[in-house]
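# Close look at the chain arrangement
Below are the chains, spelled out letter by letter.
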Amino acid sequence: MSAHASYYVPAQSRWPILASVAMFLLAFGAATLVNAITAESGTGVGLMMVLAGALMLGLILVGWFGNVIHESRAGLYNEQMDRSFRWGMSWFIFSEVMFFAAFFGALFYVRTLAVPWLGGEGERGVSQMLWPGFTAEWPLVNPPDAEKFPGPHALVDPWHIPLLNTILLVSSSFTVTLSHHALLRDDRAAIVRWLGLTVLLGIVFLGFQAYEYIHAYTELGLTLHAGVYGATFFILTGFHGLHVTLGTFMLIVILLRVLKGHFDPAHHFGFEAVTWYWHFVDVVWIGLFLFVYVI
Amino acid sequence: MSTLDTAVPGLHEEHHGPAKGLGRWLFTTNHKDIGTLYLWFSLLMFLTGGVMALLIRSELFQPGLQLVEPGFFNQLTTMHGLIMVFGAVMPAFVGLANWMVPLMIGAPDMALPRMNNWSFWILPFAFAILISTLFMDGGAPNFGWTFYAPLSTTYAPPSVTYFIFSIHIMGASSIMGAINIIATILNMRAPGMTMMKLPLFVWTWLITAFLLIAVMPVLAGVVTMMLMDIHFGTSFFNAAGGGDPVLFQHVFWFFGHPEVYIMILPAFGIVSQIIPTFSRKKLFGYASMVYATASIAVLSFLVWAHHMFTVGLPLAGELFFMFATMLIAVPTGVKVFNWVATMYRGSLTFETPMLFAVAFVVLFTIGGFSGLMLAIAPVDFQYHDTYFVVAHFHYVLVPGAIFSIMAGVYYWLPKWTGHMLDERMGKLHFWLSFIGVNITFFPMHFLGLAGMPRRIPDYALQFADFNMIASIGAFIFGFSQLLFVWNVIQNIRSREAATARVWEGAQGLEWEVPSPAPYHTHTTPPKVE
């Protein structure tokens with residue numbers, strides 16, 4: 001039986017167990033590290049473990065994906081295998097959607113229920129006794145306990161950097177699609193051009209985001225400590241930013257693979273998976289732009 | 001396009017046998033090896049969590065503080081819950097899925113075998129982190145397995161951070177495991193194995209995997225918000241900053257309620273395999289079973305706040321969640337009806353797996369009914385946080401989920417080891433468990449109705465008798481599980497060979513392969529009519 005006809009079941013692999021060790025180092029190290037930071041007792045062991053774990057996981061991913069690319073290019077994967085990867089990536093993106101759903105849900109709950117209740121709406125007047133002067137508003141710039149949680153003095157103007165970032169990210173969804181279309185007609189130069197532009201747009205987006213964070217912290221007083229508005233703002237935009245970073249890495253990897261001559265019009269699921277992920281990141285941003293910045 | 005690389009490691013080793021030594025288990029990509037690892041791990045966690053349960057029951061044997069510090073008692077209840085939910089029940093079902101799904105659908109292995117190994121090997125590390133908290137300054141998490149804020153944030157011991165990160169990596173393991181199971185079921189079925197021919201265990205797992213992928217990320221989200229509140233000054237669960245501790249409960253139970261079904265749907269699947277075999281009849285109402293399972297899954301997303309009736313929900317919320325919860329009784333009733341109808345006029349025999357399955361139907365139904373009582377919002381004000389709740393969820397989890405796992409293990413063990421079970425010992429284990437479990441948990445209904453609160457190390461004198469009875473039952477149940485361990489080990493060492501079919505009435509692809517199942521099965525897909 002040829003390798004093409006049957007489903008490829010890989011032989012034993014060292015990557016998963018090593019990756020589990022790396023994850024252990026990351027998890028245990030991260031816990032030790034943040035506990036040490038909160039207790040103000042230095043960062044020593046925890047930081048070392050996190051760095052070791054991150055380095056190890058990075059190397060493992062290179063090796064593991066390297067194996068997969070190798071096997072794919074050796075023609076070991078048939079169409080059925082391709083479908084497994086497609087299902088895998090789709091459900092992974094669905095799990096990411098649900099991760100963001102938790103934070104969007106928190107935002108909607110706080111905004112439409114918790115804060116109005118704190119302001120005494122409906123029958124839930126207890127909080128009025130705790131903080132009699134509190135009035136409900138959104139964005140919440142005057143949290144109930146202004147000493148513990150000093151609210152921001154100003155908010156990010158959605159029509160400057162956030163709008164620019166929206167334009168950048170939406171355009172990048174187009175450029176990545178143009179790159180995919182170039183791949184489908186095997187126009188290598190165009191693939192590289194559009195993919196390179198996508199990476200660039202991603203990086204500029206991240207630069208603006210970093211600028212906005214610094215601006216928020218230094219000038220607007222919009223911080224993690226600024227009450228629940230700051231909390232929802234940073235958790236949503238922060239995790240989105242992390243996903244853009246990861247997506248940009250993924251784009252760079254497929255760009256390098258394109259440059260090495262990988263992918264052809266018929267076989268390029270690795271490429272497609274990254275475009276799916278990039279579109280997902282884009283869609284989340286549109287949700288953020290609307291519900292965190294504009295409305 | 002063929003500047004191809006020559007040396008691909010493992011290229012021509014597709015049909016290798018098991019490797020030698022420890023490496024076999026560390027590096028394996030074989031679904032049977034990984035299933036075995038999951039099952040042993042689950043057993044180890046079951047015994048660990050069980051020891052904690054027995055410590056809890058020893059403390060509660062008599063009123064007054066007897067054995068442990070109240071603070072440590074809280075750590076015990078928390079760790080017992082976490083270990084049993086995430087360490088014993090869930091991995092056991094994943095282990096059974098790993099072993100049986102590819103065999104049942106005619107697949108050569110799981111869809112993504114290396115990721116399968118990763119899903120398993122994260123777990124021992126995650127639980128090493130979790131259990132290590134017992135030895136940390138300030139002790140282990142002590143806020144209950146539901147870790148409500150602000151107990152788990154403002155008032156938590158420092159070890160909560162380790163708990164958060166261990167939940168994170170457990171979640172990653174569950175999500176990867178679930179993705180693998182879905183991809184396997186959707187993509188790896190043998191030709192002719194259409195969706196409506198899938199064995200019910202496979203169907204229930206498909207739906208369970210969907211639930212896992214939908215809610216484990218929400219759990220990750222909620223522990224992340226805790227982490228931010230504890231260490232980075234945010235106020236998600238702190239009203240002083242405009243947040244709300246009740247928000248924690250909403251997000252947690254949005255995960256938590258589907259999680260409950262994650263722990264019972266595969267059990268439905270197992271029982272739906274076993275009852276037809278020992279009734280020597282086809283399963284009654286196959287299609288309705290599939291639709292009932294799917295409806296339960298959909299409803300599970302709409303009922304979360306029935307855990308929060310006393311927290312101060314608006315009246316409309318109380319009513320919505322009450323009625324939505326009661327709706328779940330309909331598809332569940334369909335299932336119970338179908339199991340009973342399958343047995344009706346069947347040629348029944350009661351081998352050990354069947355005993356556990358029948359006990360499941362009866363005792364799970366009791367747990368279901370007490371759930372229906374709890375669903376009634378006005379009376380839940382009385383039952384909330386009492387031993388009635390403890391009785392309810394232990395009835396669905398112990399003689400529910402755990403009995404189904406025992407049933408599944410006894411049912412498929414001959415396929416795994418190639419040896420028949422010593423029926424006498426199996427039945428002894430069953431009867432001791434059955435008696436023990438009822439003595440333990442049935443009196444808790446009365447305790448709860450009389451007002452004994454859960455999660456406390458001491459209680460008023462009028463609760464003494466039932467507590468003593470429950471503790472005696474717990475020890476009967478707990479120690480009879482050693483018989484289970486004994487039975488499994490004896491089975492592995494036994495010489496009584498099993499046939500391929502194993503059970504006279506067994507139907508399905510898994511019974512077409514020899515016993516023990518060879519290391520690689522269905523390398524060429526079987527034809528299904």
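Conventions adopted
Residues numbered from 1 in each chain as written. Chains lettered and ligands numbered in written order. Predicted model: local features only at pLDDT ≥ 70, side-chain atom pairs only at ≥ 80, totals over all residues. Heavy atoms only, no water. UniProt positions renumbered as here; feature names shortened; annotations may be inferred. Helix = DSSP H or I, 4+ residues; strand = E, 2+ residues; numbered from the N terminus. Contact = heavy atoms within 4.5 Å. Domains from an automatic or database assignment. Buried area = accessible area lost by both parts, 1.4 Å probe. Salt bridge = Lys/Arg side-chain N within 4 Å of Asp/Glu carboxyl O. Polar contact = N/O pair within 3.5 Å; in protein donor to acceptor, adjacent residues only side chain to side chain. Axes fitted to C-alpha atoms, helices over the stretch in contact; angles between N-to-C directions. Parallel < 35°, antiparallel > 145°, perpendicular 65-115°, else oblique. Nonpolar A, V, L, I, M, F, W, Y, C, P; charged D, E, K, R; others polar. Core = buried A, V, L, I, M, F, W, Y, C linked by side-chain atoms within 4.5 Å. Buried < 20%, exposed > 50% of the residue type's maximum accessible area, 1.4 Å probe, protein only. Phe/Tyr/Trp six-rings, centres within 6.5 Å; stacked < 30°, edge-to-face > 60°. Lys NZ or Arg CZ within 6 Å of the ring centre and 35° of its normal.

On the UniProt side, "domain: Cytochrome oxidase subunit I profile" (unreviewed entry) is annotated at positions that read residues 25–529 of chain B here. Secondary structure within residues 25–529 of chain B divides into 68% helix and 0% strand; the distance between the first and last C-alpha atoms comes to 36 Å.

What follows deals with the environment of Met136(B). Position of Met136(B) among the secondary structure elements: in the loop between helix H4 (113–132) and helix H5 (160–187). For Met136(B) and Pro158(B), which are 22 residues apart along the polypeptide, the C-alpha to C-alpha distance reads 8.5 Å. In this view, Met136(B) contacts Phe28(A), Ser159(B) and Tyr162(B); residues no more than four positions away in its chain are not counted.

The extent of an interface is frequently quoted as the accessible surface area lost upon association of the parts. All names here are of chain A. Assigned domains of chain A: these are domain 1 (8–77) and domain 2 (85–294). Spacing between the C-alpha centres of domain 1 and domain 2 amounts to 25 Å. Across the contact, 4 residues belong to domain 1 and 5 residues belong to domain 2. Across the domain 1/domain 2 interface, buried area totals approximately 340 Å², and carbon plus sulfur atoms make up 69% of it.

Time to look at unusual backbone geometry. Put simply, Trp138(A) and Pro139(A) share a cis peptide bond, and its omega is 0°. Within the fold, Pro139(A) resides in the loop between helix H4 (126–130) and helix H5 (161–184). Residue Pro516(B) is bonded to the preceding Ser515(B) through a cis peptide linkage, with omega at -5°. At Arg280(B), a residue that is not glycine, the phi angle is positive and equals roughly 55°.

This brings us to the interface of chain B and chain A. Listed per partner, the contact involves 81 residues of chain B and 76 residues of chain A. When the buried area of chain B at its contact with chain A is split by residue, Phe27(B), Arg114(B) and Trp118(B) rank highest and sum to 12% of it. Inspection of the chain B/chain A interface yields 1 salt bridge. For Arg114(B), the salt bridge goes to Glu71(A), with nearest N and O atoms at 2.8 Å. Put simply, chain B and chain A have 19 residue pairs in polar contact (both at pLDDT 80 or more) between them.

This next bit is on the packing of helix H12 (residues 352–375) of chain B against helix H15 (residues 423–449) of chain B. Residue and element names in this part refer to chain B. Orientation of H12 relative to H15, taken along the N-to-C sense of each, is 10°, at an axis distance of 10 Å. As judged from the angle between their axes, H12 and H15 are roughly parallel. Counting all contacts with H12, which are made through Thr352, Pro353, Leu355, Phe356, Ala359, Leu363, Ile366 and Ser370, the residues of H15 involved are Glu423, Gly426, Lys427, His429, Phe430, Trp431, Phe434, Val437, Asn438, Phe442 and His445. Each residue belonging to the contact of H12 with H15 can be placed in one class, and the counts come to 11 nonpolar, 6 polar and 2 charged.

On to the nonpolar core, then. Counting residues in hydrophobic clusters, the biggest one holds 274 residues, and the most contacted among them are Phe86(B), Phe147(B), Phe163(B), Trp339(B) and Trp412(B). For this core, the element with the most residues is helix H6 (residues 200–231) of chain B, which contributes 23 residues. Counting only domains with at least three residues in this core, you end up with domain 1 (8–77) and domain 2 (85–294) of chain A. Sequence-distant contacts of Phe147(B), that is, excluding residues within four places in its chain, are made with Ser152(B), Phe163(B), Leu219(B), Val222(B), Val223(B), Met226(B), Phe248(B) and Phe252(B).

According to UniProt, the positions carrying the feature "transmembrane region" (unreviewed entry) are residues 46–69, 90–110, 159–179, 191–211, 231–256 and 276–294 of chain A. For residues 191–211 of chain A, the end-to-end C-alpha separation is 30 Å, with 100% helix and 0% strand making up the annotated structure.

Taken as a whole and assessed by the stated rule, the structure comprises 81 aromatic pairs over all chains. Taken together, a centroid distance of 4.9 Å and an interplanar angle of 75° make the contact between Phe430(B) and Trp431(B) edge-to-face. Residue classification places Phe430(B) among the buried residues on the basis of a relative accessible area of 2%. In this structure an aromatic cluster arises from ring pairing among Phe86(B), Phe143(B), Trp145(B), Phe147(B), Tyr148(B), Phe163(B), Phe236(B), Phe237(B), Phe248(B), Phe252(B), Trp253(B) and Phe255(B). Taking the ring centre of Phe27(B) as reference, the NZ or CZ of Arg14(A) above it sits at 4.4 Å.

On to the pattern of salt bridges, then. In the structure shown here, the tally under the stated rule is 11 salt bridges over all chains. Measuring nitrogen to oxygen at the nearest pair gives 3.1 Å for the salt bridge that ties Glu272(A) to Arg86(A). You can see Glu272(A) sitting in helix H8 (residues 269–294) and its partner Arg86(A) sitting in helix H3 (residues 79–118), a full 186 residues away along the chain. Salt-bridge contacts for Arg454(B) lead to Asp385(B); the nearest nitrogen and oxygen are separated by 3.7 Å. In this pair, Arg454(B) sits in the loop between H15 and helix H16 (464–493) while Asp385(B) sits in the loop between helix H13 (377–383) and helix H14 (387–417), placing the two residues 69 residues apart along the sequence. Assessed through its relative accessible area of 37%, Asp385(B) is described here as partly exposed. Through salt bridges with shared partners, one network takes in Asp82(A), Arg86(A) and Glu272(A).

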